[in-house]
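Understanding the architecture of this molecule
This is what each chain is made of:
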Amino acid sequence: MQKKIAVLAGDGIGPEVTKQALKVLRAIERAFGHEFTYEEGLVGAAAIDETGDPFPKATEKLCLKADAVLFGAIGHPKYDNDPHAKVRPEQGLLAMRKKLGLFSNIRPIKSYPAISAISPLKENIVEGVDFVVFRELTGGIYFGEPRGRTEQGDVAFDTCIYSKEEILRITKLAFEAAMKRKKKVTLVDKANVLATSRLWRETVREYSRSFPEIKLDYMYIDNAAMKLIQNPSVFDVVLTENMFGDILTDAASVITGSLGMLPSASVGKKAAMFEPIHGSYPEVAGQMRANPIGAILSAAMMLNYAFDMVEESNAVKAAVQQVLDNREVTEDINPDNPLSTEEVGDKIATLVYASNRVNA
């Protein structure tokens, strides 16, 4: 099978972890007889430096032509430390979501017995955790208008807006996923306070009537945050709006024990983008100390969600599981005897090919 992949390595550790994901994808090509073509584009601080735009038009066109987008990270200290910067790398990420129509962020949260000891939560709490969050990505308070400050500057305002159509399109994806899992959806909102949350609740409840086999429950955001720490295994498919999802998924990311472990997908009608959740982590950029597994598992999500290559995706996940079991990992997981970013990528790519080359 032939597929086009747009590669946006971005900033910080983005290029080095993306390189490892590409190694693994090339191993999949060889083992399963596929042909992927890769075309690189600028995004984030790197794009600002070269074009003045964190998401240039050329990159947008590249993404729209591709079958999927593999993305590294966005962010650079020189912009973080300048409160007066008119253009910031993160604006590129928001523009990318909006222009590519990426309305749904899908983030799996899974615990791994081999590394459960490094989770900040007790092992008996994280045992068996395996859920996925569907976060609406292009609406809500991050995009609502009007926004700004008064002329005096002492009052600021943001607007949270949602339409029924925006809610329905991600609800459909969440329920489709639930049918393939444990048939349970938890809607996280703040319907006791917010009008937008009440619209979410009404819309999701109405849609759920077409899925009598799925159990739908509701949880206020504050209760969901507590459950995430007390008993995260109660969740299976979590459905929520933009800001609540942003906060919940970042909080949930520590359950595994390392930010470097977690992949994500952002999907829409025009494009699909896959990225690790860890950010640009500039403190270690270029040192080959970053964990590439999140980027590699993002490539596995791409194989599954964008290309319908389930066997290939499972082959990558099996190789990741093996390096975890063997403790052949970076310093965030094994500080006493760590491997480099490059070495972990090499081991996973080798395992993928060696275990599956009979399929070629």
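Structural data are supplied above this passage.
Numbers given to residues run from 1 along each chain, matching the order in which its sequence is written. Restriction of local features to residues with pLDDT of at least 70 applies here, the model being predicted, together with a cutoff of 80 or more for giving and counting side-chain atom pairs; totals for whole chains, interfaces and linings are based on all residues. Hydrogens and water molecules were not included; the side-chain quantities draw on all heavy atoms of the structure.

What follows covers the packing of helix H9 (residues 221-230) against helix H10 (residues 242-252). To define axes, lines are fitted to C-alpha atoms, for helices over the stretch in contact only, and angles between the resulting N-to-C directions are given on a 0 to 180 degree scale. We count a stretch as a helix when DSSP gives it H or I for four or more residues in a row; a strand needs E for two or more, and each element gets its number in order from the N terminus. Remark: H9 packs on H10, axes separated minimally by 10 Å, with the N-to-C direction vectors making an angle of 10°. When the axes of H9 and H10 are compared, the pair comes out roughly parallel. In this structure, H9 uses Ile221, Ala224, Ala225 and Leu228 to contact H10, whose residues at the interface are Phe244, Leu248, Ala251 and Ala252. Just so you know how the angles are binned, under 35 degrees is roughly parallel, over 145 roughly antiparallel, 65 to 115 roughly perpendicular, and the rest oblique. It only takes one pair of heavy atoms within 4.5 Å for two residues to be counted as in contact.

This brings us to the pattern of salt bridges. Take a side-chain nitrogen of Lys or Arg and a carboxyl oxygen of Asp or Glu: if they are within 4 Å of each other, that pair is a salt bridge. Within the structure shown, the criterion is met by 18 salt bridges. Here Lys23 makes a salt bridge to Asp346, at a shortest N to O gap of 2.6 Å. Of this pair, Lys23 sits in helix H1 (residues 14-32) while Asp346 sits in helix H13 (residues 341-356); the two residues are 323 residues apart in sequence, bridging distant segments of the chain. Per-residue accessibility, obtained with a 1.4 Å probe over protein chains only, is compared with the maximum for each type, and a residue is labelled buried under 20%, exposed over 50%, and partly exposed between these values. On the accessibility criterion, Asp346 (36% relative accessible area) is partly exposed. The salt bridge involving Lys172 is made with Glu176; its shortest N-O contact spans 2.6 Å. Linking Lys172 with Glu176, this pair stays in helix H7 (residues 164-179), spanning four residues, or about one helical turn. In this structure, a network of salt bridges that share partners links the residues Lys19, Lys23, Glu342 and Asp346.

A separate point is the pairing of strand S5 (residues 130-136). Of all seven residues making up S5, six are buried, and the element is well covered by its neighbours. Two strands qualify as a pair provided DSSP detects at least 2 bridges between them. With seven bridges joining them, strand S4 (residues 104-110) and S5 adopt antiparallel strand pairing. Looking at S5, one finds that Asn105 is bridged to Arg135. The pairing of S5 with strand S10 (residues 237-240) spans four bridges and is classified as parallel. Bridge assignment links Arg135 to a residue of S10, and that residue is Thr240.

There is about 1000 Å³ of room inside the largest pocket. Lining the largest pocket are 35 residues, with Ile106, Met301, Asn304, Tyr305 and Lys317 sitting closest to its centre. Elements with a contribution of two residues or more to the lining of the largest pocket: S4, S5, H7, strand S11 (263-267), helix H11 (293-306) and helix H12 (310-325). Sort the elements by how many residues they give to the lining of the largest pocket and H11 lands first, with six residues. Per-class residue counts for the lining of the largest pocket are 22 nonpolar, four polar and nine charged. Any residue with an atom within 4 Å of a point lines the site, the site being either a cavity, points on a 1 Å grid over the protein atoms alone where a 1.4 Å probe fits but cannot get out, or a pocket, an open set with protein on both sides within 12 Å along at least 5 of 7 lines. Around the second largest pocket, the lining comprises 24 residues; the ones closest to its centre are Leu93, Arg97, Asp246, Glu275 and Ile277. Elements with a contribution of two residues or more to the lining of the second largest pocket: strand S3 (68-73), helix H5 (89-99), S4, H10 and strand S12 (272-276). The biggest single contributor to the lining of the second largest pocket is H5, with four residues. The residue classification treats Ala, Val, Leu, Ile, Met, Phe, Trp, Tyr, Cys and Pro as nonpolar and Asp, Glu, Lys and Arg as charged. All others, Gly included, are polar. Of the residues that constitute the lining of the second largest pocket, the class distribution is nine nonpolar, seven polar and eight charged. Grid points are joined across faces, edges and corners, and a volume is the space filled by probe spheres set on the points.

What follows covers helix H8 (residues 195-208). A helix is expected to reach a length of 1.5 Å times the quantity of its residues less one. Between its terminal C-alpha atoms H8 stretches 20 Å, which fits the 20 Å expected from 14 residues at 1.5 Å a residue. If you check which residues of H8 are buried, you get Thr196, Ser197, Trp200, Arg201, Thr203, Val204, Tyr207 and Ser208. In the core, the buried residues of H8 are packed alongside S5, H7, strand S8 (184-189), strand S9 (215-220), S10 and H10.

Below, the discussion takes up unusual backbone geometry. Trans is the common state for peptide bonds, and a negative phi is the common state for residues other than glycine. Geometrically, the link from Glu145 to Pro146 is a cis peptide bond, its omega value of 5° lying close to zero. Topologically, Pro146 is positioned in the loop between S5 and strand S6 (148-149). Positive phi outside glycine occurs at Asp308, with the angle close to 55°. Among the secondary structure elements, Asp308 is positioned in the loop between H11 and H12. For Asp308, a relative accessible area of 62% corresponds to the exposed category.

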